[in-house]
Amino acid sequence: MSTEPSSPTPRFGVWLIGARGSVATTAIAGCAAVAAGLHPPTGMVTEAPPFTTCGLPSLSSLVFGGHDTVDCPLPKRAEHLAAGGVLPHGLPAAVGAELAAADREIRPGGPLPGDTSRSDEEWIEAFAADIRAFVRRQGLAGAVVVNVASTEPAPTDGTLPPSSLYAAAALRAGCPYVNFTPSTGLHHPSLASLAASSGVPYAGRDGKTGQTLLRSVLGPMFAQRALAVRAWSGTNLLGGGDGAALADPAAAAAKNAGKERVLADTLGAAPQGEVHIDDVPALGDWKTAWDHIAFDGFLGARMVLQTTWQGCDSALAAPLVLDLARLLLRAREAGLTGPRPELGFYFKDPDGDASSALGEQYPALMAFATRLRDDV
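All of the points below concern the structure found in this document. Note that the structure is a prediction, hence the values are computed from the model and not measured.

Scoring rules and cut-offs
Residues numbered from 1 in each chain as written. Predicted model: local features only at pLDDT ≥ 70, side-chain atom pairs only at ≥ 80, totals over all residues. Heavy atoms only, no water. Pairing = 2+ DSSP bridges. Helix = DSSP H or I, 4+ residues; strand = E, 2+ residues; numbered from the N terminus. Contact = heavy atoms within 4.5 Å. Axes fitted to C-alpha atoms, helices over the stretch in contact; angles between N-to-C directions. Salt bridge = Lys/Arg side-chain N within 4 Å of Asp/Glu carboxyl O. Buried < 20%, exposed > 50% of the residue type's maximum accessible area, 1.4 Å probe, protein only.

Glancing now at the sheet that holds strand E5 (residues 177-179). Taken in spatial order, the seven strands make up an open sheet running E3-E2-E1-E4-E5-E6-E11, and their pairing is parallel. At either end of the open sheet lies a strand with only one pairing partner, and these are strand E3 (106-108) and strand E11 (338-339). Inspection of the sheet shows strand E2 (residues 62-68) paired to E3 by three bridges, in the parallel sense. Bridge pairing in E3 places Asp68 opposite Pro108. Here helix H6 (residues 162-172) sits on the sheet in contact with strand E1 (12-17), E2, strand E4 (142-147) and E5, set at roughly 160° to E5.

Here you go:
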């Protein structure tokens, strides 16, 4: 019998941009809770076959850190979320050690509006240095960077917005990158050459969690049944950090672009109607989304479908963030590089020429799972 000590299980980093926000806090607390067997992995596709045989990093192997511009400690943030019903009562205390450990690995973000203390290059290098130091300090086998910060307006003057600075830093640090927000990230023209030469996989953008998830199912239904959609209007009521950020018309426009693109792609043309986003601070992390769909049936019969989606954005997004982190880490291990359109299942604005229809995205995701499994 061998007396050699077994090799330690490798650990992997998840570096979150917006690491003290609701989505990040829910993801960190949820990962700890599921890894400890306190709660089932509801909403996590990667915890179901065929992904369980793909060699994905285990939830217990994930180590969290990140950047943020706010200083509310993660344990306190988790308490606030529990008080609002986002996290189960008692969970912040049960995973307090994990939250505190992640909080110690959060570094100051930036730049805030009007901050000219550093050049773009200096910001990128400082962020990349933070990520590299995290990997060294924790003895990690690798790390992935996931942007879950509040939506920023699209840039209008050619400068790099914060999301693009973080994205460039991730690639410079040799890390896979996920843009779970509608913000520019790697889509800035000046980052095209860096993305092409980075040698790491990346995916985005704008996580598909609620209203647009439903649209990506209903849009193809109307098209496949040859029903003519005349108008599709929507309203979102939400609070929390997202509600405050999306009160800015420019940020709301960036968010709505993905919602409208799904309809245009699945219906063949954009129908009449708009999506309105209203900030209702009293709702906290909960949101209500309404859709009013006017369509024509046989012989011009005019009909209407109305839907109501009520849910918690953080609880919807957190399992997807964990899925994407694990999938990109595994893709990096398998030697995959560049944009990963196979992960369009998770996004409003998927990479490449990926379909916007959920029914087509799911088989592509399953094929990706097979590819990863064959590499094990």
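Right, let's talk about the sheet that holds strand E10 (residues 302-312) for a bit. Paired through their backbone hydrogen bonds, the strands of a sheet run either parallel or antiparallel. With mixed pairing, four strands are arranged side by side in an open sheet as E8-E7-E9-E10. Looking at the sheet topology across the chains shown, the edges are occupied by strand E8 (275-279) and E10. On average, each strand axis in the sheet is inclined to that of its neighbour by 10°, with strand direction left out of account. With eleven bridges joining them, strand E9 (residues 286-296) and E10 adopt antiparallel strand pairing. Looking at the pairing, Ala289 lines up with Trp309 of E10. Relative to the sheet, helix H11 (residues 313-333) contacts strand E7 (228-238), E9 and E10, its axis offset from that of E10 by approximately 80°.

A separate point is the pattern of salt bridges. Using the criterion set out here, one finds 19 salt bridges in the structure. The partner of Lys348 in a salt bridge is Asp206, and the shortest N-O contact between them spans 3.3 Å. Taken together, the positions of Lys348 in the loop between E11 and helix H12 (358-374) and Asp206 in the loop between strand E6 (201-204) and helix H8 (211-224) put the pair 142 residues apart, joining distant regions of the chain. Accessibility assignment for this pair places Lys348 and Asp206 in one class, buried. Residue Asp313 pairs with Lys287 through a salt bridge whose shortest N-O separation is 3.4 Å. With Asp313 in helix H11 and Lys287 in strand E9, the pair connects residues that are 26 residues apart, well separated along the chain. Accessibility classification places Asp313 together with Lys287 in one group, the buried group. Put simply, Glu121, Glu125, Arg132 and Arg172 are held in one network by salt bridges that share partners.

Purely geometric numbers; function is a separate question.
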